[in-house]
Amino acid sequence: MIENIRTHPYSRAVCLETARLFEQRTAKYLVESQDRADQGAADSALEFQTKARLAQQRASAWHLRARNTSN
């Protein structure tokens, strides 16, 4: 078990792969948001936009970790 995820020495490849997965999730949420908006479900669309924003922030954090890895 990882005690402190912020300082755990992940490899660059792991960081980039995790960022890629979050970027895919972001794209999925944005497509779902657009579908809901097209159907007139504004509240649901906003919920998926929020999820997409959070996933993008996580992807950015993983890219930053990848840039700061020692290997």
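Preceding this section is the structure that the text describes.
> Can you walk me through the packing of aromatic side chains in this structure?
Ring pairs (aromatic) are described by centroid distance and by the angle formed between their planes. Applying the stated criterion to the full structure yields 2 aromatic pairs. Consider the rings of Tyr 10 and Trp 62, whose centres lie 5.2 Å apart with planes at 65°: the pair is edge-to-face. Taken together, the positions of Tyr 10 in the segment before α1 (12-38) and Trp 62 in helix α2 (residues 42-67) put the pair 52 residues apart, joining distant regions of the chain. For the residue pair Tyr 10 and Trp 62, the accessibility class agrees, reading buried in each case. Plain terms: the ring middles of Tyr 29 and Phe 48 are 6.0 Å apart, the flat faces sit at 50° to each other, and that makes the pair tilted. Residue Tyr 29 is found in helix α1, and its partner Phe 48 is found in helix α2; the two are separated by 19 residues along the sequence. Assigned by exposure class, Tyr 29 and Phe 48 land together as buried. Sitting over the ring of Phe 48, Lys 51 keeps its end group 5.0 Å from the ring centre.

> Whenever I open this one, the pattern of salt bridges confuses me. Can you help?
Any two side chains of opposite charge can pair if their charged atoms end up close together. Counted under the stated rule, the structure contains 3 salt bridges. A salt bridge links Glu 32 to Arg 36; the nearest nitrogen and oxygen atoms lie 2.8 Å apart. Of this pair, Glu 32 and Arg 36 both sit in helix α1, 4 residues apart, roughly one helical turn. A residue is classified by how much of its surface remains accessible, and Glu 32, at 25% relative accessible area, is partly exposed. Given a relative accessible area of 27%, Arg 36 falls into the partly exposed group.

About the thresholds
- Residues numbered from 1 in each chain as written.
- Predicted model: local features only at pLDDT ≥ 70, side-chain atom pairs only at ≥ 80, totals over all residues.
- Heavy atoms only, no water.
- Phe/Tyr/Trp six-rings, centres within 6.5 Å; stacked < 30°, edge-to-face > 60°.
- Helix = DSSP H or I, 4+ residues; strand = E, 2+ residues; numbered from the N terminus.
- Buried < 20%, exposed > 50% of the residue type's maximum accessible area, 1.4 Å probe, protein only.
- Lys NZ or Arg CZ within 6 Å of the ring centre and 35° of its normal.
- Salt bridge = Lys/Arg side-chain N within 4 Å of Asp/Glu carboxyl O.

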